[in-house]
Amino acid sequence: QVQLVESGGGLVQPGRSLRLSCAASISAFSIYDMDWYRQAPGKQRELVATITRGYKTNYTESVKGRFTISRDNAKNTVYLEMNSLKPEDTAVYYCHADRYNDLTGRVYDYWGQGTQVTVSA
């Protein structure tokens, strides 16, 4: 029932921009904290950016000033605007959603399948 579907990836030249989208088929999307992760070949999955249910944002140091995470709760969508892309940004980018159930104490989290971003001249 729950699905996160990323889109917008592709091949771009260094210095160019991409905008990733994550469409979430989740009830009560607005109460989820949303994240973008990425994983390059042979490397650990890395948290890139977060935006909480309260619209607080955070970024890993390597993308600060270049990437912007945002959300549109009316569209159940989270975005990652990526500017000034570098070859080291090349990775599969994953959308992630999580929430805490106040009644049960259970944490729910979901992952998308990922979208490939390749930055190369």
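Above this text is the structure in question.
Residues numbered from 1 in each chain as written. Predicted model: local features only at pLDDT ≥ 70, side-chain atom pairs only at ≥ 80, totals over all residues. Heavy atoms only, no water.

Draft legend 1. Just the pairing of strand E5 (residues 46–51), in detail. Both strand E4 (residues 33–39) and E5 contribute to a ladder of five bridges, which runs antiparallel. When the bridges of E5 are listed, Trp36 appears paired with Ala49. Here E4 folds back onto E5, and the loop between the two strands holds six residues, one of which, Gly42, carries a positive phi near 75°. Inspection of the sheet shows E5 paired to strand E6 (residues 57–59) by three bridges, in the antiparallel sense. Its bridge partner lying in E6, Ala49 is registered against Tyr59. Taken together, E5 and the strand that follows it, E6, pair antiparallel across an intervening segment of five residues, in which Tyr55 is found at a positive phi of about 70°. (Pairing = 2+ DSSP bridges. Helix = DSSP H or I, 4+ residues; strand = E, 2+ residues; numbered from the N terminus.)

Draft legend 2. Structural view of the nonpolar core. In this structure, Trp36, Leu80, Met82 and Tyr93 are the most contacted members of the largest nonpolar core, which totals 29 residues. Of all the secondary-structure elements, those providing two or more residues to this core are strand E3 (18–25), E4, E5, strand E7 (67–72), strand E8 (77–82), strand E9 (91–100) and strand E11 (115–119). Excluding anything up to four places from it in sequence, Leu80 contacts Leu18, Arg19, Leu20, Trp36, Ala49, Phe67, Thr68, Ile69 and Tyr93. (Core = buried A, V, L, I, M, F, W, Y, C linked by side-chain atoms within 4.5 Å. Buried < 20%, exposed > 50% of the residue type's maximum accessible area, 1.4 Å probe, protein only. Contact = heavy atoms within 4.5 Å.)

No statement about biological role is implied by the geometric values presented.
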